[in-house]
Amino acid sequence: MSDRIDIALTVNGEPVRAEIEPRQNLVDFLREALQLTGSHIGCEHGVCGACTVRVDGVIVRGCLLLAVQCDGLSVETIEGISDTGEIADLQAAFCARNALQCGFCTPGMLLTAQELLRRSNGGAPSREEIRAHLSGNYCRCTGYQAIVDAVEDVASNRKRGAR
Amino acid sequence: MKPAPFAYAKARSLDHAIALLDGAPEARILAGGQSLMPALNMRLSAPSLLVDINRISELSQITQRNGQLEFGALARHAEAEHSRLVAQLAPLIAKALPHIAHPAIRNRGTIGGSIALADPAAELPACLLALGGEIEIASRAGRRTVAADAFFKGLFETALSPGEIITTIRIPAAQPQDRFGFAELARRHGDYALVGLAAAARAKPRVLRLAYFGVGTTPIRARAAEAALERGDIDAAVAAVASDLDPNGDVHASAAAKRHLAGVLLRRVAAQLSPP
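Residues numbered from 1 in each chain as written. Chains lettered and ligands numbered in written order. Predicted model: local features only at pLDDT ≥ 70, side-chain atom pairs only at ≥ 80, totals over all residues.

Draft legend 1. A look at the overall build of chain B. Across its full length, chain B carries 12 helices and 14 strands. Against the compact-globule benchmark of 19 Å for 276 residues, chain B has a radius of gyration of 19 Å, which places it among compact chains. In terms of principal-axis extent, the alpha carbons of chain B reach across some 55 × 45 × 30 Å. Across the 276 residues that make up chain B, the buried fraction comes to 51%. Taking contacts inside chain B between residues at least 6 apart in sequence as the whole, the part at least 24 apart equals 60%. (Helix = DSSP H or I, 4+ residues; strand = E, 2+ residues; numbered from the N terminus. Rg over C-alpha atoms; globule rule 2.2 N^0.38 Å. Buried ≥ 20, exposed ≤ 12 C-beta atoms within 10 Å, placed from the backbone. Contact = placed C-beta atoms within 7 Å.)

Draft legend 2. Structural context of the sheet that holds strand E2 (residues 27-30) of chain B. Residue and element names in this part refer to chain B. Taken in spatial order, the 3 strands make up an open sheet running E1-E3-E2, and their pairing is parallel. The strands lining the two open edges of the sheet, one partner per strand, are strand E1 (7-10) and E2. Geometrically, the sheet is characterised by an average inter-axis angle of 25° between neighbouring strands, direction not taken into account. Where E2 and strand E3 (residues 49-52) come together, 4 bridges link them in parallel fashion. Bridge pairing in E3 links Arg28 to Leu50. Each of E1, E2 and E3 is contacted by helix H1 (residues 14-22), which is oriented at about 170° to E3, the strand it contacts most. (Pairing = 2+ DSSP bridges. Axes fitted to C-alpha atoms, helices over the stretch in contact; angles between N-to-C directions.)

Draft legend 3. Examining helix H4 (residues 106-120) of chain A more closely. Residues and elements named next belong to chain A. End to end, H4 covers 21 Å across 15 residues, agreeing with the expected 21 Å (1.5 Å per residue, within 8%). Listed as buried for H4 are Thr106, Pro107, Gly108, Met109, Leu110, Leu111, Thr112, Ala113 and Leu117. Just past H4, the residue Asn121 takes up positive phi, approximately 55°. (Expected span 1.5 Å × (residues − 1).)

Draft legend 4. Up close: the domain arrangement of chain A. Residue and element names in this part refer to chain A. Each assigned domain of chain A is listed with its residue range as follows: domain 1 (5-81) and domain 2 (85-162). On a C-alpha basis, the centroid separation for the pair domain 1 and domain 2 is 22 Å. Contacts between domain 1 and domain 2 engage 13 residues on the former and 13 residues on the latter. Only strand E3 (52-55) and helix H2 (78-83) provide two or more residues apiece to the side of domain 1 that touches domain 2. Tallying contributions element by element places E3 first for the side of domain 1 that touches domain 2, with 3 residues. (Domains from an automatic or database assignment.)

Draft legend 5. Representation of the pairing of strand E12 (residues 195-202) of chain B. Residue and element names in this part refer to chain B. Here E12 lies mainly inside the structure; 7 of its 8 residues are buried. In this structure, strand E11 (residues 179-185) lies alongside E12, joined through 7 bridges in antiparallel fashion. Across the sheet, residue Phe182 finds its bridge partner in E12, namely Ala198. In terms of strand pairing, E12 meets strand E13 (residues 207-213) through 7 bridges, oriented antiparallel. Opposite Ala200, over in E13, you have Arg209 as the bridge partner.

Draft legend 6. Examining helix H8 (residues 123-131) of chain B more closely. All names here are of chain B. Buried residues dominate H8, accounting for 9 of its 9 residues. Within H8, the full set of buried residues consists of Glu123, Leu124, Pro125, Ala126, Cys127, Leu128, Leu129, Ala130 and Leu131. Trailing H8 by a residue or two, Gly132 shows a phi angle of about 65°, which is positive.

Draft legend 7. Molecular detail of the environment of Gly122 of chain A. Of note, Gly122 of chain A is situated in the loop between H4 and helix H5 (127-133). Linking Gly122 of chain A and Asp28 of chain A, residues 94 residues apart in sequence, is a C-alpha distance of 35 Å.

Draft legend 8. Expanded view of the domain arrangement of chain B. All names here are of chain B. Taken domain by domain, chain B holds domain 1 (7-52), domain 2 (57-172) and domain 3 (179-273). The C-alpha-based centres of domain 1 and domain 2 are spaced at 18 Å. If you look at the interface, domain 1 gives 12 residues, while domain 2 gives 19 residues. Ranked by the residues each element gives to the side of domain 1 that touches domain 2, the list is headed by H1, at 5 residues.

Draft legend 9. Highlighting the interface of chain B and chain A. Tallying the contact residues gives 26 residues for chain B and 26 residues for chain A. Mapped by element, the contributors of at least two residues to the side of chain B that touches chain A are E1, helix H2 (36-41) and helix H6 (103-106) of chain B. In the side of chain B that touches chain A, the residues fall into 13 nonpolar, 9 polar and 4 charged. (Nonpolar A, V, L, I, M, F, W, Y, C, P; charged D, E, K, R; others polar.)

Draft legend 10. Main features of the nonpolar core. All names here are of chain B. Within the largest apolar cluster, 139 residues are counted, with the highest numbers of intra-cluster contacts made by Val51, Leu92 and Tyr212. At 7 residues, the largest contribution of residues to this core is made by H8. Here Leu92 is in contact with Cys127, Ala130, Leu131, Phe180, Phe182, Ala198 and Ala200, once residues within four sequence places are set aside. (Core = buried A, V, L, I, M, F, W, Y, C linked by C-beta atoms within 7 Å.)

Draft legend 11. Representation of the confidence of the model for chain B. Taken over all residues, the pLDDT of chain B has a mean of 96, while the share at 70 or more is 100%. In the model output, the complex is listed with pTM 0.95 alongside ipTM 0.95. (pLDDT = per-residue confidence, 0-100.)

Right, dumping it as structure tokens:
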């Protein structure tokens, strides 16, 4: 009943083919089959946000999506989004503002913050909007203030740049 | 944890999904998966087959038709949250959506999935009850429509039978004189509510509905409070809530605390229902 299934998808712009068990979730597939270990596994039930990845352009929980569901879709991980330079300013701001300590939540925080910044389309979200958008990402080093500071810096810098 | 093994089938169409479900009583429908996958990962559920309906494009639309707003069962929370049509014709749902979990969850979670799961602390079942909505269901036997009042039967129990699938959620479109109110109390943004209230005050015909969530096994109409609020007596309405609701206490709040909070929410929501 649980025969392996062939899938073909795009991961960070590269075509990938694999034969997988239906029960394998996306983040396990990325980490174990593709050795893309930047996406982390925390709670495995959608609460912590450490496994956040982008699928067809929007952020999702990598632990709540099966890899078989991604057949034909485009998956982007922190590795790919780092390589393209899309969030270089956000990463620099996280360093400058000490917005990470152990770093476990950081890939998920970056992808989640980037979705808000992209959606804001040149307008700077308020601290309240930043907090609401990041509410599903846990930082157990309790670095939330610094994370919001970093996102706020990038929001205002990008707004200036957009003028 | 990892889920127990299961088979997986991708439905190509509604008819295909119905055929797949028809032959497999132990199958579960996989829509957004934002509640099903945690249940599988924690091995609270171990279906033999998942029927993935995510590629059925005919179930994804949000459309206006005959004075009603129709949500295809697969419409994502995030699509509805950012839809102008929903903001205009279903302002109650637009108010409720940002309270559902978090952005990454809303990008996947579906309107139909929330209704089918019928979590007693979830926002959308209560909204549907307050709005007097209806649920269209398809199966091998054909199509049927169930009113929200008759759909939520018990704890995670609905009018859905095995082999049935929700296709459409329908609500009467908001008219200019209609008023809507929504409030919930949760420990953290995005958590399930300790207590929540969705309310609709329709002008033509004049109907007031108060639907509480998080205070019982289903979303619950507070009918005595509705009658008192119709008379404009907010104090009597708050007093009546205590008899309308019989919440169980849990680790987050005692029964007495929930009853008190239900009254607090009623005052907040009543203020939203007053004409500007």
